[in-house]
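If you want the building blocks of each chain, they are given just below.
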Amino acid sequence: MFYRELLEELEVLKKQSNYRELKVIKENYTFDFSSNDYLNLNLDKKFKKNFTDDLDYNKISFGSCGSRLLGGNHEEIRGFEQEIDEIFLKKSLVFGSGYDANTTVIETFYSKGDIIFTDRYNHASIYDGLINSGVKIVRYKHLDYIDLEKKLKKYRSSHKRSLIITESIYSMDGDIVDLDEVVSLKHRYDSQLYLDEAHSYGVLSYGLAYTKSLVGEIDFIMLGLGKGGSSNGGILILDEIARSYILNKGRKFIYTTAPSPIQTSWNRYVFKNIPSLEHKRKKLNLLKELFYRKLKEKNIETLSTEQIISIIIGDNKKCVEISSALRASGYLVYPIKEPTVPKGTARIRLTLTADMEIDKVERFIEKLSHELHKKT
Ligand SMILES: Cc1ncc(COP(=O)(O)O)c(C=O)c1O
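Residues numbered from 1 in each chain as written. Predicted model: local features only at pLDDT ≥ 70, side-chain atom pairs only at ≥ 80, totals over all residues.

A few words on the overall build of the chain. Across its full length, the chain holds 14 helices and 12 strands. Against the globule reference of 21 Å for 376 residues, the chain gives a C-alpha radius of gyration of 21 Å, in line with a compact fold. Projecting the C-alpha coordinates of the chain onto the three principal axes gives extents of approximately 55 × 55 × 55 Å. In the chain, which comprises 376 residues, the proportion classed as buried is 39%. Pairs at least 24 residues apart make up 72% of the contacts formed inside the chain by residues separated by at least 6 positions. (Helix = DSSP H or I, 4+ residues; strand = E, 2+ residues; numbered from the N terminus. Rg over C-alpha atoms; globule rule 2.2 N^0.38 Å. Buried ≥ 20, exposed ≤ 12 C-beta atoms within 10 Å, placed from the backbone. Contact = placed C-beta atoms within 7 Å.)

Hydrogen bonds along the backbone pair up the strands of a sheet, which may run parallel or antiparallel. What the 7 strands build is an open sheet, ordered β2-β8-β7-β6-β5-β3-β4; its pairing is mixed. In the strand order of this sheet, the two ends are held by β2 (91-95) and β4 (136-140), each with one partner. Put simply, the sheet's adjacent strands are angled 20 degrees from each other on average, direction ignored. Pairing analysis gives 5 bridges linking β2 to strand β8 (residues 234-238), with the strands arranged antiparallel. (Pairing = 2+ DSSP bridges. Axes fitted to C-alpha atoms, helices over the stretch in contact; angles between N-to-C directions.)

Before going further, it helps to spend a moment on the environment of Ser125. As for its position among the elements, Ser125 is in helix α5 (residues 124-133). Setting aside residues no more than four positions away along its own chain, Ser125 makes contact with Gly98, Tyr99, Asn102 and Thr103.

Close to the ligand lie 15 residues; Ser97, Gly98, Tyr99, His123 and Ala198 are nearest. Looking at which element gives the most residues to the shell around the ligand, the answer is helix α4 (residues 98-109), with 3 residues. Tallied by class, the residues present in the shell around the ligand amount to 2 nonpolar, 11 polar and 2 charged. (Near = placed C-beta within 6 Å. Nonpolar A, V, L, I, M, F, W, Y, C, P; charged D, E, K, R; others polar.)

Core analysis: the biggest nonpolar cluster contains 82 residues, and Ile116, Phe220, Ile221 and Leu236 have the highest contact counts within it. The residue makeup of this core includes at least three contributed by each of domain 1 (28-39 + 277-375) and domain 2 (61-275). Beyond its immediate stretch of four places on either side in the chain, Ile221 contacts Leu195, Glu197, Gly207, Ala209, Val215 and Ile237. (Core = buried A, V, L, I, M, F, W, Y, C linked by C-beta atoms within 7 Å. Domains from an automatic or database assignment.)

Scope: geometric values only; no functional claims are made or implied.
What follows is the structure, encoded as structure tokens:
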């Protein structure tokens, strides 16, 4: 009975062209348009070699073998946090994932009687934190600050704590927040501000807040290390008191094994080198300019503006067919469907990464255009 019920639900997903399964990535893909390794540090042999050359296998542990509050608070992680603090002039706390960092802040500091204003398109980890916290959730229209202000006006005053949550670069839409505007609203409506920088860390140096010198105005910043950081993990940048509070009350910080020292060492190395990766960011910008110009020439519409480019197809089946055709031609491209994005907005999500060759990108756009115009 149990498995039959599960199977029935899975059959429904199959009928909706919305069934997920793990795919084996074959080596013969000539071009990866699905990777979030925006600076391609994972492909950079010299960069990686410099890291491994400096590793002392006798000194570094591979596993942390304990939570941060017990045996897992290794020198590597403490040293990393100190270096982050020096750059951001605030306190930092390293987590094993961006997911845990996001949910921790929301669940630990906010509860019934409080209110959280969240951009409609915020990441699932943010929604999970919201659901667990028991706060009143108010979703505002994506990047629509008029709507956000309308909702702040209506609901803010009848609640105790108030938090606004936004991402910087949106993972499924490839657009970017107007951070000055959100900071101004936060101040005007006596709220706190949470900024998820999962897709901007590395791409915009130490992130959007850092680049715009707005770190001091933002209560919580989450730097995701799993994309532009070519790794995994998440860093919270926060006030010292808030940090101490998490050490005492943050369940996803307390009851988990600390990130491994070897992984932290790589994260630390990437972090240290962020300023020296300007040549990669320049190349990425060049690719962006080219890509958007070519899309325009081919009359391919997108609302994206950043290194993530979403082409909305709408229909699941059509979206699956287009991405399959592109994969069959050697381009690693995936369809994104609900519940990751709203129903009826299935899309081809493309990512640009710094080491892509310009002529190959141009050839891909020809192929993309061909497949899109064939299907629409
Ligand atoms: C915007 C955003 N926030 C948070 C996360 C979660 O980060 P992590 O993968 O490190 O758990 C992701 C992606 O995975 C993301 O895209």
